[in-house]
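The chain contents come next:
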Amino acid sequence: LLASTQGLEVLVADDSRSDYDAFASAMGGKEGNFLVYLHNLHEIRAYNKLARMTLAPILAMLQDDDAPPGKDVWLSQAETIFKSIPQLAVLGGFRGRQDLGYMMDTRHGFMNGPKYGPQPTEEWEKKKCCNAILHAAPKSKVPFMYVYKVNMGPVLVRRSFFMKSGMFLRAMSCAGDAGIGFDFEFSIRAWRDGWRTGLYYSQFEFDIAE
């Protein structure tokens, strides 16, 4: 991201200060880069706070264990999709679900329908995932489809909708805890409010910290 040619603002939430020196060294002195110390607020509150610090029309929300591809194609493709679909509010770059039928995830208490996106690397998980994206965004050849809800990492949203909708729902977790399901809730909220949620291939490398 720091080497991007897209003229980005890069905002990093350092929630534990354990990597503060490394972030400061990589980002220091570069226009548009902001390193924010948030004292263990964790993801929901961190994303909301950083969103209020920028006026960028599109927010790309990333996790620290996912790595973008070497080129900026994932950004230019996302921009093309948003431009071609004015009603699109949420665009996932990892996985999405349709949640058809009556399959339930009893561990987390939500529907567990067909999943779409890149195949996982773990053998045990391959049995449960994932179908390919078979459609394309209008006026482009970028693989894209509408989905009921998307998984975090990365998720891109229109900032105008993000702010008007009240941002991510803080009630999905306490400060310092993982926000299980907040990405699903926000995706569904977009549909409820008359917007759309979609999925494309971002080509990110996932779970690199593991």
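Up top you'll find the structure we're talking about.
## What to know about a nonpolar patch on the surface
Side chains of Tyr146, Tyr148 and Trp191 sit close together on the surface and give an oily, nonpolar patch of about 260 Å² of accessible area. Counting through the fold element by element, tyrosine 148 comes out in the loop between strand E9 (144-146) and strand E10 (149-150).

## A closer look at the nonpolar core
Residues Met61, Val90, Val157, Phe162, Phe168 and Phe186 are the most contacted members of the largest nonpolar core, which totals 23 residues. Elements that contribute at least two residues to this core include exactly helix H2 (43-51), strand E3 (58-61), strand E4 (88-92), strand E11 (155-158), helix H5 (159-164) and helix H6 (182-192). Among the nonpolar cores identified, the runner-up in size contains 14 residues, and Ala78, Phe82, Ile85 and Leu91 belong to it.

## Describing the sheet that holds E10
The sheet built from 3 strands is open, its strands ordered E8-E5-E10 with antiparallel pairing. Only two strands of the sheet have a single partner each, and these edge strands are strand E8 (115-116) and E10. Note that strand E5 (residues 96-97) and E8 share 2 bridges and pair antiparallel. Following the sheet pairing, glycine 96 is matched in E8 by tyrosine 116.

## Overview of the environment of phenylalanine 186
Structurally, the position occupied by phenylalanine 186 is in helix H6. When its relative accessible area of 1% is taken as the criterion, phenylalanine 186 is described as buried. Each C-alpha atom, one on phenylalanine 186 and one on valine 10, is 23 Å from the other, the two residues being 176 residues apart in sequence. Beyond its immediate stretch of four places on either side in the chain, phenylalanine 186 contacts Val90, Val157, Phe161, Phe162, Ser165, Met167 and Phe168.

What counts, and where the lines are drawn
Residues numbered from 1 in each chain as written. Predicted model: local features only at pLDDT ≥ 70, side-chain atom pairs only at ≥ 80, totals over all residues. Heavy atoms only, no water. Patch = residues over 30% accessible without salt bridge, like charges linked within 9 Å, V, L, I, M, F, W, Y side chains within 5 Å. Areas by Shrake-Rupley, 256 points an atom, 1.4 Å probe, with all protein chains shown as cover. Salt bridge = Lys/Arg side-chain N within 4 Å of Asp/Glu carboxyl O. Helix = DSSP H or I, 4+ residues; strand = E, 2+ residues; numbered from the N terminus. Core = buried A, V, L, I, M, F, W, Y, C linked by side-chain atoms within 4.5 Å. Buried < 20%, exposed > 50% of the residue type's maximum accessible area, 1.4 Å probe, protein only. Pairing = 2+ DSSP bridges. Contact = heavy atoms within 4.5 Å.

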